[in-house]
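A closer look at the structure
For reference, the chains in residue letters:
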Number of protein chains: 2
Amino acid sequence: MLDFFRQVREDLEVVEHEIKAVVQSRDPLLTQTSMHLLNAGGKRLRPAFALLAGKLYNYRLEKLLPLAVALELIHMASLVHDDVVDDSMTRRGTPTVKANWGNKISMHTGDYLFAKSLVLISQYENPVIARVLAETSVKMCEGEIHQISTAYSADQSWRDYFYRIERKTALLIAASCQLGAVAAGAPEKDHKRLRRFGHQLGVAFQITDDVLDMVADQTLLGKPIGGDLRQGILTMPVIYSMEKSPRRQRLRELVEIQDKTDDQVKEAIEIIKEAGGIEFSFNVARKYIEKAKMNLTFLPDRPVKQTFYEIADFIGIRRF
Amino acid sequence: MLDFFRQVREDLEVVEHEIKAVVQSRDPLLTQTSMHLLNAGGKRLRPAFALLAGKLYNYRLEKLLPLAVALELIHMASLVHDDVVDDSMTRRGTPTVKANWGNKISMHTGDYLFAKSLVLISQYENPVIARVLAETSVKMCEGEIHQISTAYSADQSWRDYFYRIERKTALLIAASCQLGAVAAGAPEKDHKRLRRFGHQLGVAFQITDDVLDMVADQTLLGKPIGGDLRQGILTMPVIYSMEKSPRRQRLRELVEIQDKTDDQVKEAIEIIKEAGGIEFSFNVARKYIEKAKMNLTFLPDRPVKQTFYEIADFIGIRRF
């Protein structure tokens, strides 16, 4: 996706540098775990969205920098806490903090990164930034708890699914787009549009991600197929197929098995494909993309606006 | 300690009510875990300090309430995360959230309470409040990590000990005293004095706590004696005795044993008592109390000032 970030590429390097500077602690272990996490990579999507949104208004990197760094730290904090609870030993092909240092250190590393983000946010005078990020953080926790308490349960509705993906993904992307604009002095009407844009884009992004978890080329995906099913996380294609498939009863059974064999995962995915769960979900994602783009219409006509369209279209068609 | 809070007793009931209102979530499980934690009790020391500090200035409960609630939520969040890492199954005689719901839920409950505190804090226009609490949170994490990475190591200095207890206890009490004053419109000189008061009081409080962990009546303490030694946490009496005791070599050996028997804990405590580690530590605590009280001299002469002196004296002499 880096090509979409051409207008902010150099500034993203400054962000990267700043993230690394910010996580330095008097405690060598904390510095080490934080740097490990940072060096494991990541697309820095959220800082990029914030900078791009800023480019629509009065763009000054020094005003956007603390926010961009904070957004990535919040995201990383949530990842490292997910790894604690998910018992993940690798992420993006690298051993997780948890794999190297254990649960305790991972949890405190997440707390630390999150607290560091607050120090950055507290620099802003505009109260919208702190408020939006605080509310987003509350909802992110709600999403995680919901995911745990509904795991392996076939009794779930669309509402449960949307509740989770909003909290897991969409709200922080929405905040990134909105607050980048806020920090660049956008009028309220505009930053609320960018928020809606980010929200709908985030929903589309997560739906696509969830579908790819079932159908993507395993090598491109970098993780075994059907990961969500194995962890008991029910996504759109599953929920759709539990309603529509003639083999819905078998699918419900499979979903609820806690230690699925590879064959059981394969069987569930077959039922889902047959029921049209994949196509259906891609279509819903595309509709969200179209909704997202509509929010862009009344934003200032600067070159970066075109980039937002391109990103939206890319998310609608990405297949890896 | 409730008697010291007579000037704010009714308002503390409002705080209590508000804490319970604030943690209500759309997610029934999160509400349940948070309420469990709340109902397990606690002295609400930090809200009390904030309100008392406010009483020295332009006291208005509605201005202090979000802060008071946030301070307790931050404290509770740190407790629930400590239980995750400490493998504690009870706290104050009640099963921990972790004992009832497991590590994953505990971790997210802590994250949730902390995020909720940010929503409250984001209401304040004065940037000092958010900044101080953010910096305090960063340091609290550093303290936890330090405790983990130095556990069972006899190679520790006074500096290590003070580094930890500042972060574990003193800084949040310092913030409570300072920010209560800030929220009530205190001049900077004054709220910095209250901060120092709280800091030194917090240090004294934690030193006393650490000594009592070795010598208090077990029934009054509500937990087995020598808990810190068992967990490999080295406190002032131990560090002192590892320097001064003729049996320092044996003490070092005992300290480093990871699964101490009751007899080994008893033996370590005997060595410490013999070396004068208990008396020495109580004396240091008393000196901090005296230092703390000196900060009160130039504060406004309102009735509540007397209460601060009383609290300080009580912490200096408490033996349970």
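Residues numbered from 1 in each chain as written. Chains lettered and ligands numbered in written order. Predicted model: local features only at pLDDT ≥ 70, side-chain atom pairs only at ≥ 80, totals over all residues. Heavy atoms only, no water.

Comments concerning the relation of the copies chain A and chain B
Taken together, a rotation about one axis and a shift along it account for how the two chain copies relate. Overlay of chain A on chain B (RMSD 0.0 Å): rotation 180°, translation along the axis 0.0 Å. In short, the pair behaves as if placed about a two-fold rotation axis. Comparing interface residues between copies, 97% of those in chain A also sit at the interface in chain B, which points to an isologous, same-surface contact. (Least-squares fit on C-alpha atoms with pLDDT ≥ 70 in both. Contact = heavy atoms within 4.5 Å.)

A closer look at the interface of chain A and chain B
Taken together, the contact between chain A and chain B spans 39 residues of the former and 39 residues of the latter. Between chain A and chain B, a total of about 3500 Å² is buried, with carbon and sulfur atoms accounting for 74% of that surface. Considering only the surface of chain A that becomes buried against chain B, A:Arg26, A:His108 and A:Ile145 emerge as the three largest contributors, covering 17% of it. If you look at where chain A meets chain B, you find zero salt bridges. Counting across the chain A and chain B interface gives four residue pairs in polar contact (both at pLDDT 80 or more). Elements with a minimum of two residues in the side of chain A that touches chain B: α2 (28–39), α4 (61–86), α5 (97–121), α6 (127–150) and α7 (158–183) of chain A. The element contributing the most residues to the side of chain A that touches chain B is α6(A), with 14 residues. Split into classes, the residues belonging to the side of chain A that touches chain B amount to 19 nonpolar, eight polar and twelve charged. (Buried area = accessible area lost by both parts, 1.4 Å probe. Salt bridge = Lys/Arg side-chain N within 4 Å of Asp/Glu carboxyl O. Polar contact = N/O pair within 3.5 Å; in protein donor to acceptor, adjacent residues only side chain to side chain. Helix = DSSP H or I, 4+ residues; strand = E, 2+ residues; numbered from the N terminus. Nonpolar A, V, L, I, M, F, W, Y, C, P; charged D, E, K, R; others polar.)

Comments concerning helix α8 (residues 188–215) of chain A
Compared with an ideal rise of 1.5 Å per residue, which puts 28 residues at 40 Å, α8(A) spans 40 Å between its outermost C-alpha atoms and is within 8% of the ideal. With 20 of its 28 residues buried, α8(A) lies for the most part within the structure. (Expected span 1.5 Å × (residues − 1). Buried < 20%, exposed > 50% of the residue type's maximum accessible area, 1.4 Å probe, protein only.)

A word on the pattern of salt bridges
A side chain of one charge can pair with a side chain of the opposite charge if their charged atoms are brought near each other. Counted according to the given criterion, the structure contains 34 salt bridges over all chains. Of the charged contacts, one joins A:Arg167 and A:Glu166 as a salt bridge, the two residues approaching to 3.6 Å between their closest N and O atoms. The closest approach of N and O atoms between B:Lys293 and B:Asp313, which form a salt bridge, is 2.6 Å. Of this pair, B:Lys293 sits in helix α14 (residues 277–294) while B:Asp313 sits in helix α15 (residues 303–317); the two residues are 20 residues apart in sequence, bridging distant segments of the chain. Of the residues examined, B:Lys293 reaches a relative accessible area of 15% and is grouped as buried. With a relative accessible area of 36%, B:Asp313 lands in the partly exposed category.

So, the domain arrangement of chain A
Accessible area lost during the coming together of the parts is what is often quoted as the interface size. All names here are of chain A. Along its sequence, chain A is carved into domain 1 (1–123) and domain 2 (130–320). Taking only C-alpha atoms, the centre of domain 1 and the centre of domain 2 are 21 Å apart. Tallying the contact residues gives 27 residues for domain 1 and 33 residues for domain 2. Summing the contributions of domain 1 and of domain 2, the shared interface buries around 2800 Å²; its carbon and sulfur component is 73%. For domain 1, the biggest contributors to the area lost against domain 2 are Phe49, Leu56 and Tyr57; these three give 29% of the whole. Linking domain 1 to domain 2 there are one salt bridge. For Glu310, the salt bridge goes to Arg6, with nearest N and O atoms at 3.4 Å. On the surface where domain 1 and domain 2 come into contact, there are five residue pairs in polar contact (both at pLDDT 80 or more). No other element matches α4, which puts nine residues into the side of domain 1 that touches domain 2. Classifying every residue of the side of domain 1 that touches domain 2 by side-chain character gives 16 nonpolar, five polar and six charged. (Domains from an automatic or database assignment.)

Focus: helix α13 (residues 262–275) of chain A
All names here are of chain A. With 14 residues, α13 extends 20 Å from end C-alpha to end C-alpha; this agrees with the ideal 20 Å at 1.5 Å per step. Within the span of α13, buried status applies to Gln264, Val265, Ala268, Ile269, Ile271, Ile272 and Ala275. On an axial view of α13, the arc spanned by its buried residues comes to 155°, and they lie on one face. For α13, exposure combined with an orientation more than 90 degrees from the buried face picks out Asp262, Asp263, Lys266 and Glu274. Buried residues along α13 sit against α8, α10 (227–230), α11 (236–244), α12 (248–256) and α14 (277–294). (Arc of directions from axis to C-beta.)

Some points on the nonpolar core
Grouped together as the largest cluster of nonpolar side chains are 219 residues, with contacts concentrated most on A:Leu133, B:Leu133 and B:Ile207. Excluding its chain neighbours within four sequence positions, the residues that come into contact with B:Leu133 are B:Leu67, B:Leu71, B:Ile74, B:Ile121, B:Leu172, B:Ala175 and B:Leu179. (Core = buried A, V, L, I, M, F, W, Y, C linked by side-chain atoms within 4.5 Å.)

Re the packing of α11(A) against α12(A)
All names here are of chain A. With their axes 7 Å apart at the nearest point, α11 and α12 run at an angle of 140° to one another. With respect to α12, the axis of α11 lies oblique. As for how α11 packs across α12, the hand of that crossing is left-handed. For the pair α11 and α12, contact is made by Val238, Ser241, Met242, Glu243 and Lys244 and by Arg248, Leu251, Arg252 and Val255, respectively. Among the residues forming the contact of α11 with α12, the class breakdown is four nonpolar, one polar and four charged. (Axes fitted to C-alpha atoms, helices over the stretch in contact; angles between N-to-C directions. Parallel < 35°, antiparallel > 145°, perpendicular 65-115°, else oblique. Left-handed = near helix turned anticlockwise from the far one by under 90°.)

Describing the packing of aromatic side chains
When we look at a pair of aromatic rings, we describe it by the centre distance and by the angle of the planes. Considering all chains together, one arrives at 13 aromatic pairs over all chains under this definition. Here the aromatic rings of A:Phe114 and B:Phe114 are separated by 5.8 Å at their centres, their planes lie at 70°, and the arrangement is edge-to-face. Of this pair, A:Phe114 sits in helix α5 while B:Phe114 sits in helix α5 (residues 97–121), on two different chains. Of the two residues, A:Phe114 and B:Phe114, both sit in the buried class. Taken together, the aromatic side chains of A:Trp158, A:Tyr240 and A:Phe280 make up a single cluster linked through ring pairs. Positioned over the ring face of A:Tyr163 is A:Arg167, at 3.7 Å from the centre of the ring. Between B:Lys291 and the ring centre of B:Tyr288, over which it is positioned, the NZ or CZ distance is 4.6 Å. (Phe/Tyr/Trp six-rings, centres within 6.5 Å; stacked < 30°, edge-to-face > 60°. Lys NZ or Arg CZ within 6 Å of the ring centre and 35° of its normal.)

Considerations on the packing of α5(A) against α5(B)
Direction vectors running N to C along α5(A) and α5(B) enclose 10°, while the axes themselves pass 12 Å from each other. With respect to α5(B), the axis of α5(A) lies roughly parallel. Residues A:Met107, A:Asp111, A:Phe114 and A:Leu118 of α5(A) lie in contact with α5(B), whose contacting residues are B:Met107, B:Asp111, B:Phe114 and B:Leu118. Of the residues in the contact of α5(A) with α5(B), the class split is six nonpolar, no polar and two charged.

Examining the environment of A:His191
When you line up the elements, A:His191 lands in helix α8. Contact partners of A:His191, with chain neighbours within four places excluded, come to A:Gln178, A:Ala181, A:Val182 and A:Ala186.

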